Amino acid sequence: MAFEIERKFLVASDEWRAAAIGSSRLRDGLIARFGSGKVRVRLNGERGLLTVKGPRAGLRRAEYEYEIPALEAEEMLGILADGPIVEKTRFQVPHAGMIWEVDVHEGLLAGLVLAEVELDHEGQEFLLPKWLGREVTGDPAYRKASLVKQALAAVSPCCP
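Residues numbered from 1 in each chain as written. Predicted model: local features only at pLDDT ≥ 70, side-chain atom pairs only at ≥ 80, totals over all residues. Heavy atoms only, no water.

## Focus: the environment of leucine 112
Operational definition: Counting from the N terminus, the helices are the DSSP runs of H or I reaching at least four residues and the strands are the DSSP runs of E reaching at least two. Should any heavy atoms of two residues lie within 4.5 Å, those residues are counted as being in contact.
With respect to the secondary-structure elements, leucine 112 resides in the loop between strand 7 (98-106) and strand 8 (113-118). In sequence terms leucine 112 and glycine 123 are 11 residues apart; their C-alpha atoms lie 28 Å from each other. Once you skip the residues sitting within four places of it in the chain, leucine 112 turns out to touch Asp103, Val104, His105, Tyr142 and Leu147.

The structure is reproduced here in structure tokens:
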């Protein structure tokens, strides 16, 4: 079984930019929800990806990812995605033997910068870069669905 084990943090400064070794433009859309899992489609440059994520158990969750034609990913984003498309540039930033992914959001979530690191096991130790802010791994307010909901409420408040 494939698992994802990651830790997520707010980014406190731009110091990471000098160490970035690459970047890619991502567009994500939610295709389906089931229980506490989801199916997401992503366009990563010229690569299309379909990802199924299961419920969380601590830091771990089942994750299955499949490459699909980019044209099909684009079509899914336009036809099947439930809610707005999340757009961001993801930077790869090495630090103390780990590769951190720093997501600089655009569009609806513009201004939000998050960093995450993938781990081999839940107890893995690692050094935190000095440009990190507080950890938001377990904070439901920083899950994609919550962030989008908050942003939509801010741009189109309901009735007085």
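After that view of the structure, there is still more to cover.
## Here's the deal with the pattern of salt bridges
To keep it simple, the criterion reads: Salt-bridge detection follows one rule: a side-chain nitrogen of Lys or Arg within 4 Å of a carboxyl oxygen of Asp or Glu. Relative accessibility under 20% of the residue-type maximum defines a buried residue, over 50% an exposed one, and the middle range a partly exposed one, all with a 1.4 Å probe and only protein chains included.
Inspection of the entire model under this criterion finds 19 salt bridges. Ionic pairing is found between arginine 90 and aspartate 103, a salt bridge with its closest N-O pair at 2.7 Å. Highlighted residues: arginine 90 in strand 6 (residues 86-95) and aspartate 103 in strand 7, separated in sequence by 13 residues. The buried category is assigned to arginine 90, whose relative accessible area is 9%. Since its relative accessible area comes to 3%, aspartate 103 is described here as buried. Via salt bridges that share partners, Asp28, Arg42, Lys88, Arg90, Glu101, Asp103, Glu116 and Lys144 belong to a single interconnected network.

## A word on the packing of aromatic side chains
Convention followed: The aromatic pairing rule takes the rings of Phe, Tyr and Trp, using the six-membered ring of Trp, and pairs them if the centres are within 6.5 Å, calling planes under 30 degrees apart stacked, those over 60 edge-to-face and the rest tilted. A ring is considered to have a charge above it if a Lys NZ or an Arg CZ atom is located within 6 Å of its centre and within 35 degrees of its normal.
This structure, assessed with the given rule, holds 4 aromatic pairs. Three or more aromatic residues link up through ring pairs in this structure, and these residues are Phe9, Trp100, Phe126 and Trp131. In this structure, arginine 17 is placed above the aromatic ring of phenylalanine 91, and the distance from its NZ or CZ to the ring centre is 5.6 Å. Here the basic side chain of arginine 60 rests over the ring of phenylalanine 3, its NZ or CZ set 4.4 Å away from the ring centre.

## Considering the side chain of serine 24
Applied cut-off: Distance and chemistry together define a polar contact, namely a pair of N or O atoms within 3.5 Å, with one atom able to donate a hydrogen and the other to accept it when in protein, and with adjacent residues in sequence counting only for side-chain atoms on both sides.
When you line up the elements, serine 24 lands in strand 2 (residues 22-34). Looking at serine 24, its side chain comes within polar contact range of the side chain of asparagine 44, at 3.5 Å. In contact with serine 24, not counting residues within four places along its chain, are Asn44, Lys88, Thr89, Arg90 and Gln92.

## What to know about a nonpolar patch on the surface
Quick reminder of the rule: For patches, a residue must show more than 30% relative accessible area and have no salt bridge; joins then use 9 Å for like charges and 5 Å for nonpolar side chains, namely Val, Leu, Ile, Met, Phe, Trp and Tyr. Working definition of accessibility: Shrake-Rupley area with a 1.4 Å probe, residue cover restricted to the visible protein chains.
A cluster of nonpolar side chains, namely Leu108, Leu152 and Val155, defines an oily patch on the protein surface of about 230 Å² accessible area. Relative to the helices and strands, valine 155 resides in helix 2 (residues 144-155).

## Details of the nonpolar core
Inside soluble globular proteins, nonpolar side chains tend to come together where they are buried. Note the threshold: Remark: nonpolar core denotes a set of buried residues (Ala, Val, Leu, Ile, Met, Phe, Trp, Tyr, Cys) joined through side-chain atoms within 4.5 Å.
Ranked by size, the top nonpolar core spans 16 residues in total, and within it Trp16, Val93, Trp100, Val102, Ala115, Phe126 and Trp131 carry the most contacts. Of all the elements, strand 7 adds the most residues to this core, at 4 residues. When sequence neighbours within four positions are dropped, the list of residues in contact with alanine 115 reads Arg7, Lys8, Phe9, Val11, Trp100, Glu101, Val102, Trp131 and Leu132. Within the second largest apolar cluster, 10 residues are counted, among which are Val86, Leu112, Leu114 and Tyr142.

## As for the pairing of strand 8
Put simply, the rule reads: Only strands joined by at least two bridges in the DSSP assignment are considered to pair.
Judged from the 5 bridges that link them, strand 1 (residues 3-11) and strand 8 form a sheet pairing that is antiparallel. What sits directly across from glutamate 6, in strand 8, is glutamate 118. Sheet analysis places strand 7 next to strand 8, joined by 5 bridges and oriented antiparallel. Looking at strand 8, one finds that valine 102 is bridged to alanine 115. Linking strand 7 back to strand 8 in an antiparallel pair, the connection comprises 6 residues, with glycine 107 at a positive phi of about 60 degrees.

All we've got here are geometric facts, nothing functional implied.
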